[in-house]
Amino acid sequence: MKIKDCFVLRKIAGVNTVFSTNSKTTFEGMITLNDTGVFMWNLLSNGITLDELVNSMVQEYEIDQALAQKDAEAFIEKLRSIDVFE
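The shown structure was predicted, so the numbers you read here are calculated from the model rather than taken from an experiment.

Outline the overall build of the chain, supporting the account with residue identities and numerical values.
Looking only at helices and strands, one finds 3 helices and 3 strands in the chain. Along its sequence from the N terminus, the chain presents helices and strands in the succession β-β-β-α-α-α. Relative to its length of 86 residues, the chain is compact, with a C-alpha radius of gyration of 13 Å against a globular reference of 12 Å. On the principal axes, the C-alpha backbone points of the chain span a range of 40 × 30 × 20 Å. Out of the 86 residues in the chain, the part that is buried amounts to 36%. Within the structure as shown, the chain displays about 5400 Å² of accessible surface, and the carbon and sulfur contribution to it stands at 49%. Considering the chain, the positive charge centre built from 8 side chains and the negative charge centre built from 13 side chains are found 9 Å apart.

Encoded structure:
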């Protein structure tokens, strides 16, 4: 899965913020991300599978596979709800 190019991540006043640059998207707000969210966002921006995302999280944060799976799925579901994927 890959995030649409019209969604961008910027640091605004020290806060990691995602917004759409396309006025035709249904999402009109902003999302703030913590460091883990930024890590996942960057991987998803380059195109990655769920399994690759989970494995990357396990390596980066030295966490249990089940926890990484749960967190990745929750993050992806939130992003799907605002239609950020191609």
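Now, about the packing of helix α1 (residues 35-45) against helix α2 (residues 50-61): what can you tell me, with residues and values included?
Axis separation between α1 and α2 bottoms out at 11 Å; the angle between their running directions is 140°. It follows from the interaxial angle that α1 and α2 lie oblique. Like other packed secondary-structure pairs, α1 and α2 cross with a definite hand, here right-handed. Facing α1, whose interface residues are Asp35, Thr36, Phe39, Met40, Leu43 and Leu44, α2 presents Leu53, Ser56, Met57, Glu60 and Tyr61. For the contact of α1 with α2, the per-class residue count stands at 7 nonpolar, 2 polar and 2 charged.

Could you give me a rundown of α2, with the residues and numbers involved?
Under the 1.5 Å per step criterion, the end-to-end length of α2 is 16 Å for 12 residues, consistent within 8% with the ideal 16 Å. Residue Glu62 follows α2 closely and has a positive phi angle near 50°.

Could you give an account of the side chain of Asn16, naming the residues involved and the relevant values?
Of note, Asn16 is situated in strand β2 (residues 15-20). Excluding anything up to four places from it in sequence, Asn16 contacts Leu9, Arg10, Lys11, Ile31, Thr32, Leu33, Asn34, Asp35 and Val38.

What counts as what
- Residues numbered from 1 in each chain as written.
- Predicted model: local features only at pLDDT ≥ 70, side-chain atom pairs only at ≥ 80, totals over all residues.
- Heavy atoms only, no water.
- Helix = DSSP H or I, 4+ residues; strand = E, 2+ residues; numbered from the N terminus.
- Rg over C-alpha atoms; globule rule 2.2 N^0.38 Å.
- Buried < 20%, exposed > 50% of the residue type's maximum accessible area, 1.4 Å probe, protein only.
- Areas by Shrake-Rupley, 256 points an atom, 1.4 Å probe, with all protein chains shown as cover.
- Lys, Arg positive; Asp, Glu negative; His and termini not counted.
- Charge placed at Lys NZ, Arg CZ, Asp CG, Glu CD.
- Axes fitted to C-alpha atoms, helices over the stretch in contact; angles between N-to-C directions.
- Parallel < 35°, antiparallel > 145°, perpendicular 65-115°, else oblique.
- Left-handed = near helix turned anticlockwise from the far one by under 90°.
- Contact = heavy atoms within 4.5 Å.
- Nonpolar A, V, L, I, M, F, W, Y, C, P; charged D, E, K, R; others polar.
- Expected span 1.5 Å × (residues − 1).

By themselves, these observations are geometric and do not establish any function.
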